[in-house]
Amino acid sequence: YAKDQGRNNYQYYTTTLSTKTPELLNLEKSLRCALERGEFTVYYQPQVNIATGQITGMEALLRWQHPEMGLVAPNTFIPLAEETGLIIPIGEWVLRTACIQNRAWQQAGLPPIIIAVNLSPKQFRQPKLAEIVAKILQETGLEPQFLELEITETTAIEDLEFTRTVLLDLEKMGVHLAIDDFGTGHSSLSRLQLLPLHNLKIDRSFIKELTTDVKVAHIVTAIVSLARTLGLKLTAEGVEKQEELDFLKSIHCEDMQGYLFHKPLSADKATETLQSQRFKSV
Ligand code: C2E
Ligand code: MG
Ligand code: MG
Ligand code: MG
């Protein structure tokens, strides 16, 4: 799965191929108990539309509070969860938690938003994914159009026919589908166009170089216009600077997620943020 995890995890991959360090084995051991010990929480990062100034969605991002190590970053433990298969129960827990939260926001009378949940490669390839998603929606009472599932571009293109079958099942249910980290998988939009997608999330690495590398600016401009032609929403991930925002605005990219607007927030802080936005618009 190292390929699916992106280039940052190469080091980890080589480690697992040989022998694991005692630290890693320890981490794996505690990861096995983390769910039942209640050590996970979900943070929520707002997605904003700059044309309306409104929050249109929140991305659910998993956090692990380790009893001794403190907060462990997802880029450290998600690959481990993926490799051990623990990502299946953990991912299901995230999905359920996120759906319950979005339903709670709706029931509190807040303006409806989409909750976006990441699916790892192994989760995406589990045989009964659509059934599990349907069950969780039914149990939590969240309507499918308020859930968006994210898979990375690399996961999507690994077996395009398989991806298409699974996404069509989810699409039939009414769930929204997004390609995450778009631009890092070196696919072409003409291939992705075969998939029933709603949203392309352009990878943070492009946004980072947007204002310093004119080639990257051209690529992003082309992606934005192609997405528009295909009728897809395009979300810019990792917007940190005013200059990045200005450039994106100038090419009519309106949907963004990044520290410039909000960092990932605890459930309480996310609720407050949604509430203050409602009072602003009243
Ligand atoms: P991702 O899905 O691409 O999520 C976006 C990541 O970028 C998040 O990191 C977010 O905090 C970070 N980010 C957003 N805006 C900015 C910005 O302006 N600047 C910077 N420097 N970073 C920004 P996070 O929460 O550490 O998650 C990292 C990755 O771990 C995620 O990337 C996703 O691939 C994975 N992940 C997180 N939660 C889950 C989960 O519940 N399930 C699965 N399968 N994977 C998850
Ligand atoms: Mg994501
Ligand atoms: Mg991403
Ligand atoms: Mg990522």
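Refer to the structure above for everything that follows.
Residues numbered from 1 in each chain as written. Chains lettered and ligands numbered in written order. Predicted model: local features only at pLDDT ≥ 70, side-chain atom pairs only at ≥ 80, totals over all residues. Heavy atoms only, no water.

## Thoughts on the coordination of the magnesium ion (ligand 3)
Here comes step 1: Within the protein, Asp 180 (OD), Asp 181 (OD) and Glu 237 (OE) serve as the donor atoms for the magnesium ion (ligand 3), at 2.1 to 2.3 Å.
Here comes step 2: Of note, the magnesium ion (ligand 3) draws all its donor residues from one chain, in the sequence arrangement D-D-x55-E.
Here comes step 3: Here the magnesium ion (ligand 3) and the magnesium ion (ligand 2) are spaced 4.1 Å apart, and both take Asp 180 as a donor. Taken as a pair, Asp 181 in strand β6 (residues 176-182) and Glu 237 in strand β8 (residues 233-237) lie far apart in primary sequence, 56 residues in all.
Here comes step 4: On the accessibility criterion, Glu 237 (12% relative accessible area) is buried. (Donors = N, O, S within 2.8 Å, 3.2 Å for Na, K, Ca; no water. Helix = DSSP H or I, 4+ residues; strand = E, 2+ residues; numbered from the N terminus. Buried < 20%, exposed > 50% of the residue type's maximum accessible area, 1.4 Å probe, protein only.)

## Concerning the packing of helix α5 (residues 87-107) against helix α7 (residues 129-140)
Here comes step 1: Packing of α5 against α7 brings their axes to within 9 Å, and their N-to-C directions diverge by 35°. Every pair of crossing elements has a handedness; the one defined by α5 and α7 is right-handed. Residue-level inspection shows Glu 92, Leu 95, Arg 96, Cys 99, Ile 100 and Arg 103 of α5 in contact with α7, the latter providing Ile 132, Val 133, Lys 135, Ile 136, Leu 137, Glu 139 and Thr 140.
Here comes step 2: Considering only residue class, the contact of α5 with α7 consists of seven nonpolar, one polar and five charged. (Axes fitted to C-alpha atoms, helices over the stretch in contact; angles between N-to-C directions. Left-handed = near helix turned anticlockwise from the far one by under 90°. Contact = heavy atoms within 4.5 Å. Nonpolar A, V, L, I, M, F, W, Y, C, P; charged D, E, K, R; others polar.)

## Some words on the site of ligand 1
Here comes step 1: Taken together, 23 residues surround ligand 1, and among them Arg 63, Asn 118, Asp 180, Glu 240 and Tyr 259 come closest.
Here comes step 2: Asn 118 is positioned with one of its side-chain polar atoms (N or O) 2.8 Å from an oxygen atom of ligand 1.
Here comes step 3: Asp 180 places a side-chain nitrogen or oxygen 2.8 Å from an oxygen atom of ligand 1.
Here comes step 4: Starting from 810 Å² of accessible surface for ligand 1 in isolation, the protein chains cover 85%.
Here comes step 5: When contributions to the shell around ligand 1 are tallied by element, the ones reaching two or more residues are β2 (54-66), α4 (74-84) and β6.
Here comes step 6: Of all the elements, β2 adds the most residues to the shell around ligand 1, at four residues. (Near = heavy atom within 4 Å. Polar contact = N/O pair within 3.5 Å; in protein donor to acceptor, adjacent residues only side chain to side chain. Areas by Shrake-Rupley, 256 points an atom, 1.4 Å probe, with all protein chains shown as cover.)

## Focus on empty space enclosed by the protein
It is a probe the size of a water molecule, rolled over the atoms, that shows where empty space is left.
Here comes step 1: Counted according to the given criterion, the structure contains one cavity of 30 Å³ or more.
Here comes step 2: As a volume, the largest cavity reaches approximately 50 Å³.
Here comes step 3: Every residue lining the largest cavity is listed: Gly 91, Glu 92, Leu 95, Leu 119, Gln 123, Gln 126, Leu 129 and Ile 132.
Here comes step 4: Counting residues per element, the ones that place at least two in the lining of the largest cavity are α5 and α7.
Here comes step 5: It is α5 that provides the largest number of residues to the lining of the largest cavity, a total of three residues.
Here comes step 6: Classifying every residue of the lining of the largest cavity by side-chain character gives four nonpolar, three polar and one charged. (1 Å grid on protein atoms, 1.4 Å probe; cavity = no way out; pocket = protein on both sides within 12 Å on 5 of 7 lines; lining within 4 Å. Points joined across faces, edges and corners; volume = space filled by probe spheres on them.)

## Some details on the pattern of salt bridges
Here comes step 1: Applying the stated criterion across every chain, the model contains 11 salt bridges.
Here comes step 2: The residue Glu 83 makes a salt bridge to Lys 20 at a minimum N-O spacing of 3.0 Å. Highlighted residues: Glu 83 in helix α4 and Lys 20 in the loop between α2 (10-17) and α3 (22-34), separated in sequence by 63 residues.
Here comes step 3: Classification of Glu 83 by relative accessible area gives partly exposed; the value is 33%.
Here comes step 4: Where Glu 158 meets Arg 125, a salt bridge forms, and the shortest distance between an N and an O atom there is 3.7 Å. Within this pair, whereas Glu 158 is found in helix α8 (residues 153-158), its partner Arg 125 is found in the loop between α6 (121-124) and α7, the two being separated by 33 residues in sequence.
Here comes step 5: Given the relative accessible area of 24%, Arg 125 is considered partly exposed. (Salt bridge = Lys/Arg side-chain N within 4 Å of Asp/Glu carboxyl O.)

Don't take any of this as a statement about function, it's just geometry.
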